[in-house]
Amino acid sequence: MSQSFPRRALAGSRLALPGLITLAMLAAAGRPAHAASHVVPALAEGSLDDRSRLDLAAGGLTASVTLKTSTRCGQAMAWQPADPNPPATCRIATLSIRARGQTHPAPFPLAPYGQDAGLMALRASIQRLDATSSLPQIMVSAYTGGAHCCETTSIFGQRADGQWVHADLGMQDGGGPPAVIAVPGAPDPVIVTYDQAFLYTFASHAGSFAPIILHRYHDGQLTNVSDDPAYQAYLKEDLAKQTRQWEASGRSEPNGYLAYYVATKARLGQLAAAWAYMLPRAQSSAKSGFGVSACSLKSPEETANGRYCSKADRAPLPFPQGLAIFLTRNDYISEAQARALLSDKPATGAGSAPSGPYHPDFSCDPPPANNGVATMLCHDSEAARHELMFDQVYYALRHQAGEDGWKDLKQQVVLDENAANQSCGLPVPGDGPQDLPPNGAACYNDAMDRLAAQYRVRLSGAARMESQRPLERHIALQKKLVELGYLPADTVVDGVYGESTRAAITAWQQATHRPATDGFLSDDDAATLIPPPAETAPVTPQPLPTTTTTTTTATATDTPPPPATAPVTSPAASTGAQRSTGLSVGLILPLVIACAMAALIAIRVSRRRGDRDSS
C-alpha cells in the first residue's frame, strides 16, 4: 500500500506555527530571517514488512517491489555480485519501475531476501532528486542485520537518453534509509550519508562521530559534493548539532569527537584553527584504547599469507600523528598539509591558525555555539589581543566609575560593540549564518582600537597610565600578583583586572606602603612591582678632561676627580658593587690605587678651600 505525501501540504502544516514564531523572534532581533536546511519529504514511501509486494505511485511513476521464489540465486543483482555457490532456491526481491505511458516496466533484481538471506526491512520511496529530470527517482533500502550494521541503499532513475539505471550508495551503519536534505542556496537536494571509516577508529562506537558525506544525484550518477561551497551551510549545521551532542554526553571519549571536528573544519577551510583547538583537548591513544597503528596503515597484501603485524606495529600512534595520517588517507587533507601540521608550520590551504599567546576573556573550551565573533576570537590570537587591549581600558574605567556606574557603563559598551560589529559586517550571534566577511578580523581589530581610544579619554591619573601600558606588561603585572600570593594560584592570568585583581592590587599597595591604595597600578607602582630592566649604556672611550687648575690630576688614571659633593649611588652602580666580589685580583689592585689617589686629591682640595674660607 503506497503512502502519498503532497509536498506543499506537508511543508505548510510543518512550518505554519514555528515559522511565525521564528519570524517574530528574528524581527525582534532586528536581523533578516535565515532558512535552515530541511528534510525533503518523499513523494511516496512505504515498507515491505512481512508482505510479498509493495506498490508506490507518484510523480508519473509506479514502482513495485515483489518477492518471488527463484532458482537463479547466484546471478549478479543490484545488491549482490555473482555467487558461484548459491543455494538451490531463494526468494528474490525485484524492483519494477514504469513511467506513465510506458508499456513495459524496467526490472531490477535486488538480491535474495529474508532473514536467512541476511536482508530484511526493505523500504522504498519516490524522491525528487534531479531537478533536470522530468521524472522523479526511486530510493530502495534494506537492513542486513547486526548490532550496528548495515543499511544498503540504491537510487534508480532514468537518464536523459531514456535508459533506467542503478546508482549504489553502498552500506551505511545503523538502520533506516538516508535523509534527503535541501540546503538553502544549493542547486539540488543532497543525500546524506556518513563516513564509516571514523567508527571504532578513535573511540568506541558510542563515542565515534562520523563526518557527513553529501551525494548529489544527476542523470543517473551520484557525485560527492561534500567539499562544494554551496553545501557548507549544512556542514556547519551538522557541526553545531554534533558539538551539542558531545557536550551533552559530558565530553566523553574526546578523540572520537575531535577527529570528526578536525575533518569537518578541514572541509570548511579552517584546518589549522581546528588543529590548534584539538591539540590541548586530545586524549593519549594509550589512555583511549583506540587509534591508528602502523599495522592498520599496512595494505591487506602486506599482512596476507601469515605476515602478521608485530606487537610494536599494533601499538596506536600518538593521536595527532595518527589523525593526520588518517585524514590524508581519507582525502580530507593533503600530504603537504599533514606534514605542516605535524611540524607546526602552516601550509597552503591549511586555514588560519592562532599565531600568538592571546586568548579572549571567556572560555573557548569549546568556543560558544552560534557565535561567529566569539569563534574568531578563540582562533585568532591577534583579534583576541585587540579585544584584551579594549578590556584594559574598560576595566580601568569600570573601577573608576565604581559599583554604582557599572550597569550604565556595561550597557553603553554593549551598544558600542554591537555597532562596531555591525559596521564590519560581523554576524549577530544566534541561529543565523555565522560566517565572517573576508576582512572581518582586520575590521574588528581597528574597531576595538577606536573604541579603546574613545573610552580612554574618560580616564585620568593612575587609571589612564594603566590603560596605556603595553598589554604584555599589563599581563605580567597580574601574574606577579599571583606569584606574590595576592591572587590565588589558579587565577586565570589574562590581563582582565576584575574585582579580585583590584583587591589584590590594593592589598599589595597597603603592604608595601605605597602613596596611593586605590587599586590602580600607576607607572611608579608598576616599576616597583616589576622593576624594568636596567639599560646598559655602551662603553665608549672618554676624552681627557680639560682643567683650569694646577692640581696634579693627571696621574695613573684618566678618571677626573670626584666632585666635592657626595655622589648619588644609582641602582646600576649598586648592582655593580654587589658584583665586585667576583672580580679578579688583577682588577682589584688598580681600583684600590685609583681610590687612594682620589682620596689624596680630595684632601688637598679640601685643605686649599679651608685655607681660602678662613682667610
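Note that the structure is predicted; figures quoted are calculated from it, not measured. (Residues numbered from 1 in each chain as written. Predicted model: local features only at pLDDT ≥ 70, side-chain atom pairs only at ≥ 80, totals over all residues. Heavy atoms only, no water.)

## Quick word on the sheet that holds strand β7 (residues 106–112)
The strand order across the open sheet formed by 4 strands is β4-β5-β6-β7, and the pairing between neighbours is antiparallel. In the strand order of this sheet, the two ends are held by β4 (53–58) and β7, each with one partner. Neighbour to neighbour, the strand axes of the sheet diverge by 20° on average, direction disregarded. Here strand β6 (residues 90–99) pairs with β7 via 6 bridges, running antiparallel. Within β7, the residue paired with I92 across the bridge is P112. (Pairing = 2+ DSSP bridges. Helix = DSSP H or I, 4+ residues; strand = E, 2+ residues; numbered from the N terminus. Axes fitted to C-alpha atoms, helices over the stretch in contact; angles between N-to-C directions.)

## Thoughts on the pattern of salt bridges
Applying the stated rule across the entire model yields 11 salt bridges. Taking the shortest distance from any N to any O, the salt bridge between R469 and D523 comes out at 3.0 Å. Here D523 lies in helix α17 (residues 523–529) and R469 lies in the loop between α14 (461–468) and α15 (471–483), a separation of 54 residues in the sequence. Take R469: its relative accessible area is 7%, and that puts it in the buried class. Residue classification places D523 among the partly exposed positions, given a relative accessible area of 43%. Between R514 and D525 there is a salt bridge, with its nearest N and O atoms 2.7 Å apart. With R514 in the loop between α16 (499–511) and α17 and D525 in helix α17, this residue pair connects regions lying 11 residues apart in the sequence. (Salt bridge = Lys/Arg side-chain N within 4 Å of Asp/Glu carboxyl O. Buried < 20%, exposed > 50% of the residue type's maximum accessible area, 1.4 Å probe, protein only.)

## Some remarks on the state of the cysteines
Under the defined criterion, the tally for this structure stands at 2 disulfides. Note on cysteine connectivity: C73 is disulfide-linked to C90, with sulfurs 2.2 Å apart. Measuring the twist about the S-S bond at about -115°, one finds the C73-C90 disulfide to be left-handed. Highlighted residues: C73 in the loop between β5 (61–70) and β6 and C90 in strand β6, separated in sequence by 17 residues. Assigned by exposure class, C73 and C90 land together as buried. The residue that forms a disulfide with C424 is C443, at a sulfur-sulfur distance of 2.0 Å. Its torsion about the S-S bond being -80°, the disulfide of C424 and C443 is classed as left-handed. Separated by 19 residues along the polypeptide, C424 in the loop between α12 (406–423) and α13 (440–456) and C443 in helix α13 bring together distant segments of the chain. (Disulfide = S-S within 2.5 Å.)

## Quick look at the sheet that holds strand β14 (residues 212–218)
Spatially, β2-β12-β13-β14-β15 is the arrangement adopted by the 5 strands of the open sheet, whose pairing is antiparallel. What marks the edges here is a single partner per strand, and that holds for β2 (38–39) and β15 (221–224). In this sheet, β15 lies alongside β14 in antiparallel orientation, the contact comprising 4 bridges. Following the sheet pairing, Y217 is matched in β15 by L222.

## Examining the side chain of H215
Mapped onto the elements, H215 comes out in strand β14. Taking the relative accessible area as the measure of exposure, H215 reaches 15% and is therefore buried. Only 3.5 Å separates the side chain of H215 from the side chain of T193, close enough to count as a polar contact. Dropping the residues within four chain positions of it, H215 is found in contact with L169, P189, V190, I191, T193, L222, T223, N224 and V225. (Polar contact = N/O pair within 3.5 Å; in protein donor to acceptor, adjacent residues only side chain to side chain. Contact = heavy atoms within 4.5 Å.)

## Describing the packing of helix α10 (residues 372–379) against helix α11 (residues 381–401)
Contact pair α10 / α11: the axes reach a minimum separation of 5 Å and the direction vectors enclose 105°. As the angle between them shows, α10 and α11 are arranged roughly perpendicular. Residues M376, L377 and H379 of α10 form the contact with α11, whose participating residues are S381, A383, A384 and E387. (Parallel < 35°, antiparallel > 145°, perpendicular 65-115°, else oblique.)

## As for helix α8 (residues 319–329)
Along α8, the positions that sit buried rather than exposed are F319, G322, L323, A324, F326, L327 and T328. Along its buried surface, α8 packs onto α3 (254–267), α4 (271–278), α5 (285–288) and α9 (335–342).

## Description of the environment of L271
Summarising the element assignment, L271 is placed in helix α4. Exposure remark for L271: the relative accessible area of 1% places this residue in the buried category. L271 sits 10 residues away from Y261 along the chain, and the two C-alpha atoms are 9.6 Å apart.

## Section: α11
Taking 1.5 Å per residue as the helical rise, α11 with its 21 residues ought to reach 30 Å, and the 30 Å between its terminal C-alpha atoms agrees with that figure. Counted residue by residue, α11 has 15 buried out of 21 residues, so it is predominantly covered. Structurally, the start of α11 carries an N-cap: the backbone nitrogen of E382 is 3.1 Å from a side-chain oxygen of D380. (Expected span 1.5 Å × (residues − 1).)

## Some points on the confidence of the model for the protein chain
Across the protein chain, pLDDT averages 79, with 76% of residues at or above 70. Low pLDDT, under 50, characterises residues 1–34; the predicted model gives this stretch 34 contacts beyond four residues in sequence or across chains. Here residues 536–588 is modelled with pLDDT under 50, and outside its nearest four sequence neighbours on either side it reaches 15 contacts, counting other chains as well. (pLDDT = per-residue confidence, 0-100.)

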